[in-house]
Amino acid sequence: MPAAVPPYLYKTAVFLYTASMKIALTGIKPTGILHIGNYFGAIQPALKLAEEYDARYFIADYHALNIVKDPKKLRSNALEVAAGWLASGLDPNKVVFYRQSSVPETFELATILMAFTSKGLMNRAHAYKAAVQENLEKNDDPDAGVNMGLFTYPALMAADILLFDSDVVPVGQDQTQHVEMAADIAQAVNFNYKKDLLKIPRALIQEHVAVIPGLDGQKMSKSYGNTIPLFASEKQLHKLIMRVVTNSQMVDEPKDPDSSQIYQLYKLFADAEEQAVLAERYRAGGMGWGEAKEELFRVVNRKLTPLRSRFEEIMADAEKLEAILAEGAGKARSIAKETMRRLRDAIGIR
Ligand code: ADP
Ligand code: TRP
């Protein structure tokens, strides 16, 4: 019997014990380089989950195509994200690890799902709605700049999820709507054929690392240009950390750790004792922001140095990386082919 994920880690999980392991699946879009928000918000919790679940983690490269139209960039982003997962500790012997584009069954399933996906459902997807809203505010055509990839994004994501009989999908808050849509679409298919053809997935949201702040205090995101890249060089890391925005309090003033984003970031990297010591120095006064940033740099660099060297090692051996991904793709396809056989048979295709 698999042990449950500790309830303090995941808020929405329901643990039903079965003889076989439950399946966890997630994907990361290779639209840019990984940052520490991705690491604490997605990669680390997913790797923890893989200890208890049968995990399938993939690089969502066809999702990235909606945004990244430069072939060199798309290719290198995908490899860097893959190397990032491996450097962070993903064990390809335990986790089925692959590129989405290596599993063409995904796209066949997406075509099937389209026939069960109402346009109205896609109209309500938040990324599309946000794009329309932005256009309306500019008095532009509501669909200006919206491609069908963006519009049908939740249907492709549903295919990623449903193809692998996923029980849980660990994602950030912004992705829960998409997982709910995948569940709706699966239900529509099952209802039509009066059979449990597709497993109904649920989103798994991590509570205590909800949002990692960026350099400016907003959510860390590549769209805001406020990230700390996971594999930045030591020099770059130092420069970025010195850029963390602070208030104008003077050196001798006592400071509140809980409202300081330096401290919020520090907590992610420091042990309990270090956290208590720094909090005390904040409250006592006499420590300037520059010094607090140096403390932050010290713990961040301590944690990221081994990760960075593993990442560089993996990136230096492209052949080995490709071989790992090819092996993962092989395992993924054999699962995917089974699902497609079941579906094709049920829907009357050949
Ligand atoms: P970005 O916002 O930089 O474009 P993505 O949307 O590609 O990041 O996110 C990939 C994964 O990383 C998602 O699961 C997302 O929830 C998680 N993630 C991204 N930024 C953060 C953050 N600042 N805090 C927590 N998790 C994050
Ligand atoms: N849409 C997700 C994101 O933007 C990435 C993704 C694609 C995904 N397919 C998925 C996540 C399937 C979970 C399951 O972060």
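Refer to the structure presented above.
Below, the structure is looked at part by part.

### Some thoughts on the site of ligand 1
For ligand 1, the set of nearby residues contains 15 residues, the closest of which are His35, Ile212, Met220, Ser221 and Lys222. One of the backbone N or O atoms of Met220 is found 2.9 Å from a nitrogen atom in ligand 1. At a separation of 2.8 Å, an oxygen atom of ligand 1 approaches a polar backbone atom of Lys222. Contact with the protein chains covers 88% of the free accessible surface of ligand 1, which is 540 Å². Residue composition of the shell around ligand 1, by class: six nonpolar, six polar and three charged.

### Remarks on helix H11 (residues 261-269)
Three or more residues of H11 are buried, namely Gln261, Ile262, Tyr263, Leu265, Tyr266 and Phe269. Close packing links the buried residues of H11 with helix H1 (36-49), helix H12 (272-284) and helix H13 (289-316). Measuring from the side-chain oxygen of the N-cap residue of H11 to the backbone nitrogen of Ile262 gives 3.2 Å; that N-cap residue is Ser260.

### Structural notes on the packing of helix H3 (residues 71-87) against helix H14 (residues 318-347)
Two numbers describe how H3 lies on H14: the axes approach to 11 Å, and their chain directions differ by 80°. One finds that H3 runs roughly perpendicular with respect to H14. The segment H3 lies against H14, with Leu79, Ala82, Ala83 and Leu86 engaging Leu321, Glu322, Ile324 and Leu325. When grouped by side-chain class, the residues that make up the contact of H3 with H14 number seven nonpolar, no polar and one charged.

### As for the site of ligand 2
Around ligand 2 sit 14 residues, and of these Lys29, Tyr153, Met157, Asp160 and Gln175 come closest. Interatomic distance of 3.5 Å between a side-chain N/O atom of His63 and a nitrogen atom of ligand 2. With respect to ligand 2, the side chain of Gln175 contributes an N or O atom lying 2.9 Å from a nitrogen atom. Within the complex, 91% of the 370 Å² of free accessible area of ligand 2 lies under protein. Those elements giving two or more residues to the shell around ligand 2 turn out to be strand E1 (23-28) and helix H8 (153-162). Top contributing element to the shell around ligand 2 by residue count: H8, with four residues. Of the residues belonging to the shell around ligand 2, the class tally is eight nonpolar, four polar and two charged.

So, how was this worked out
Residues numbered from 1 in each chain as written. Chains lettered and ligands numbered in written order. Predicted model: local features only at pLDDT ≥ 70, side-chain atom pairs only at ≥ 80, totals over all residues. Heavy atoms only, no water. Near = heavy atom within 4 Å. Polar contact = N/O pair within 3.5 Å; in protein donor to acceptor, adjacent residues only side chain to side chain. Areas by Shrake-Rupley, 256 points an atom, 1.4 Å probe, with all protein chains shown as cover. Nonpolar A, V, L, I, M, F, W, Y, C, P; charged D, E, K, R; others polar. Buried < 20%, exposed > 50% of the residue type's maximum accessible area, 1.4 Å probe, protein only. Helix = DSSP H or I, 4+ residues; strand = E, 2+ residues; numbered from the N terminus. Contact = heavy atoms within 4.5 Å. Axes fitted to C-alpha atoms, helices over the stretch in contact; angles between N-to-C directions. Parallel < 35°, antiparallel > 145°, perpendicular 65-115°, else oblique.

Fair warning: the whole summary comes from geometry, so function is off the table for now.
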